[in-house]
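Each chain is listed here by its residues.
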Amino acid sequence: MAIEMLYFAWVREAIGTGSERIDPPGEVTTVSALIEWLAGRSAGHAEAFADRARLRAAVDQRFVPLEAPLGDAREVAIFPPVTGG
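Description of the structure in this document.

Quick notes on the rules
Residues numbered from 1 in each chain as written. Predicted model: local features only at pLDDT ≥ 70, side-chain atom pairs only at ≥ 80, totals over all residues. Heavy atoms only, no water. Helix = DSSP H or I, 4+ residues; strand = E, 2+ residues; numbered from the N terminus. Contact = heavy atoms within 4.5 Å. Polar contact = N/O pair within 3.5 Å; in protein donor to acceptor, adjacent residues only side chain to side chain.

1. Side note on the environment of F63
(1) Moving on: Checked against the element boundaries, F63 lands in strand 4 (residues 62–64).
(2) Moving on: In this structure, the C-alpha to C-alpha distance between F63 and A73, residues ten residues apart in sequence, is 13 Å.
(3) Moving on: Ignoring anything within four residues of it in the chain, the contact list for F63 reads A57, A58 and F79.

Written out as structure tokens, the structure reads:
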């Protein structure tokens, strides 16, 4: 299942790209498991995903908790908490 990953703010800066297309293994079934798998891809990924409490996610443009199932997700965005003002 190919997924378009989108990264924002300091997550993007740590990884070095704003997006990438990935094909995670079948056992990756939640956003949290996806983040864990991605953390092993490079030093930048590991740095970006080191503190999971500082991450938020959206699956197919809907905000979800990190424990949310991926289902048939086509797009997953990872970003820091957003503040308004």
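2. Quick word on the side chain of E20
(1) Moving on: You can see E20 is positioned in strand 2 (residues 19–22).
(2) Moving on: Among the polar contacts made by the side chain of E20, one reaches the side chain of H45 at a distance of 2.7 Å.
(3) Moving on: E20 has contacts with I3, E4, M5, Y7, L38, R41 and H45, leaving out every residue within four places of it along the chain.

3. Looking at unusual backbone geometry
(1) Moving on: Despite not being glycine, A9 shows a phi value in the positive range, around 55°.
(2) Moving on: As for its placement among the helices and strands, A9 is situated in helix 1 (residues 9–15).
(3) Moving on: In this structure, D60 takes a positive phi of about 45° despite not being glycine.
(4) Moving on: The residue D60 is located in the loop between strand 3 (56–59) and strand 4 in this model.

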